[in-house]
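Residues per chain are reported as follows:
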Amino acid sequence: MRKVIVLVTFCVFAKANLLEIKCDLNKAESCQTTEDERARESDKMVTEQIKQLFKNYNRKLRPHYIGKPVMVLVDATIISFSNLDAIDMMYTIDMFFRQRWWDHRLAHNLSEPITIAIGTSHPSNIIWTPDTVFMNSVTSALHHVIVENHKVDIYPNGTVFWGTRITVSPSCTLDLKAYPMDVQICGFEIVSYTYDSRHLKYDWYWKPGIEIKEENMLEFKLTDHKTIGEERYFVAGNYTVLEGRFRFKRLMGFAITQVYLPSTAIVTVSWVSLWIKRTVIPARVSLCITTVLTISTIWGNVNAQLPRVSYVKAIDVYLMTSFICIILTLLEYTIVLNIPDIMKKVRNNPLFRKRKMAKDTSNKIQLLPRAVNNEESLKETEKKKEQKIQQENIDICNRIEFLSRFFFPLAYTVFNIFYWSIYLKEDLKTLE
C-alpha cells in the first residue's frame, strides 16, 4: 500500500513539472514572437520616418537658404604626419575629419539618431553637405576600404554629424637657412569652395579643435600646434577660413652621425700632416688631398637630398668652413716648401737690400783692418752667410709649423662655439 502511494505521488509531481515546462516554452515562443513583431514595427516606423524626411528634401540647397548662414563646426583627430618633403615642399596628414551642422529639414521624432549606411556612395548624394575643401592641398584622397569611410548621424533636432577619414598633402614652404637645425611651420587651411560667409561659416567644435595621436616622424618632431579661424577676402567675396598650424623641429641624430662628426674627424685628420716631417712630401700632400676629396663628397651628398635654394644653409657654412680649414692646411705646407724662394725674393727687394747694405757696411767698417787682402776670410764669410740664410729659412718654417699646429685647431674650435650657439637659437621660432 505504501509503495502505491509513493508511486502515485511521483506521477502527480512529474505531470505538474511537465505542464510547467510546457507553459514556459509556450511563453518563450510567445515572447520571441512579440519581440519580432516589435522589431518589424520599429523598422517599419524608421523606414516611414526616413521616407518622410527625404520626400520633399532638396539636397542641392543649403538649409535656410534665404535666412542666416549655416554654422559648420569642425574638429579633427590626426592619426599621423609623414613625408615632410623638402624637395616637393609638402607634407602628408592622415586624419579623421568631422563636421557638424543643423538642418531643420532633417528633424525627426525618433528617440535616437539615425545612422545612415553610406556603402559605396557619398553623403552628398543623400543629403546636403558643406563643400569643404583644403585650400593649400597638393593632393588628397578619401579612404574606401572596405567601403567608403563615412559616418553620417542625423539627430532628432536636425543636427547632422559627418565624419570621414582622409589623407591630405598640404603644401609647406620650408625655410632651410638653419638646416639641419631648422624649425618648420606648416599648416592646412579649410574653406567652402562655393559658399561665402553670407551662406556658410566655419568654427572649431572645441578648442583647439585638433587632437594628435602621433607626434613623431622620421626626421621631425611636432613640438606645438594651434588653430585659427578668420574671414578672408577673395575675388569671389568674403570666406570663412579655418587654419591649423604645426611647429616641427628637425631631429638632428642623422645629421650629427652622418655629417658633423665625419666632417670634424676629416678636418682633424688633415691636421695630422702638420706633425709629419717636411721632407716627406708625398705623405703630407696625399693626406691633404684625400681629406679635401672626402669633405667634398660629403658636401655633395648632403646637397643632393635638398632643393637647389639660392641662400646659404647652416650645414653649408659648417662644411664650407671645414673645407677651408683643410685647404689652409695644404696651403700652409705649400708655403713652407717655398720659404727659400719666398725669402730670396724678399731679400732681393730693393728696400730690404738697402737696409741690409747699410747694416753690412757698418759691419765691414768695423772688420776692415782684419779683412783686407784675405780671400780665405771672404770665402769663409760668404759660406757663413749662406748657412745663416738657410738657418733663417729653417727657423721661419719651424715657426710657421708651430703656429699652425695651435692656431688651426683653436680657430676651428672657436668657430664651432659660435656656430652652435647661433644656429641652436632657431629653436625659439614660434607659431605666430
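Look a little higher up for the structure.
Residues numbered from 1 in each chain as written. Predicted model: local features only at pLDDT ≥ 70, side-chain atom pairs only at ≥ 80, totals over all residues. Heavy atoms only, no water.

Student: Quick question: what am I supposed to make of the overall build of the protein chain here?
Tutor: When helices and strands are tallied, the protein chain shows seven helices and 12 strands. Going through the 432 residues of the protein chain one by one, you find that 34% of them count as buried. When contacts within the protein chain are restricted to residue pairs at least 6 apart in sequence, long-range pairs at least 24 apart make up 78% of them. Taken as a whole, the protein chain presents about 27,000 Å² of accessible surface, with 61% of it coming from carbon and sulfur. (Helix = DSSP H or I, 4+ residues; strand = E, 2+ residues; numbered from the N terminus. Buried < 20%, exposed > 50% of the residue type's maximum accessible area, 1.4 Å probe, protein only. Contact = heavy atoms within 4.5 Å. Areas by Shrake-Rupley, 256 points an atom, 1.4 Å probe, with all protein chains shown as cover.)

Student: Is there a simple way to think about the packing of aromatic side chains in this case?
Tutor: For any pair of aromatic rings, the description rests on two quantities: the centre-to-centre distance and the angle between the ring planes. Counting across every chain of the model gives 27 aromatic pairs. When the centroid spacing of 5.9 Å and the interplanar angle of 35° are considered together, the rings of F188 and F246 count as tilted. Of this pair, F188 sits in strand β8 (residues 183–192) while F246 sits in strand β12 (residues 237–250); the two residues are 58 residues apart in sequence, bridging distant segments of the chain. Exposure class is identical for F188 and F246. Each is buried. Between the aromatic rings of F220 and F248, the centroid separation amounts to 6.5 Å while the plane-to-plane angle is 75°, which identifies the pairing as edge-to-face. Of this pair, F220 sits in strand β11 (residues 220–234) while F248 sits in strand β12, and the two are 28 residues apart along the sequence. F248 gets classed as buried once you look at its relative accessible area, which sits at 0%. Over the face of the ring belonging to Y205 we find R100, whose NZ or CZ atom lies 3.9 Å from the ring centre. (Phe/Tyr/Trp six-rings, centres within 6.5 Å; stacked < 30°, edge-to-face > 60°. Lys NZ or Arg CZ within 6 Å of the ring centre and 35° of its normal.)

Student: Just to check I follow, could you spell out the sheet that holds strand β4 (residues 132–134) for this structure?
Tutor: With antiparallel pairing, the four strands of this open sheet are ordered in space as β4-β8-β12-β11. Each edge of the open sheet carries a strand with a single partner, namely β4 and β11. Going across the sheet, the axis of each strand differs from the next one's by a mean of 20°, ignoring polarity. Sheet analysis places β8 next to β12, joined by eight bridges and oriented antiparallel. (Pairing = 2+ DSSP bridges. Axes fitted to C-alpha atoms, helices over the stretch in contact; angles between N-to-C directions.)

Student: In this structure, what is going on with the environment of E401? I would like to understand it.
Tutor: Inspection of the secondary structure puts E401 in helix α7 (residues 375–423). Here E401 falls in the buried class, since its relative accessible area comes to 2%. Residues E401 and V336, spaced 65 residues apart in sequence, show a C-alpha to C-alpha distance of 7.9 Å. Not counting residues up to four positions away in its chain, the partners in contact with E401 are L274, R278, R284, E332 and V336.

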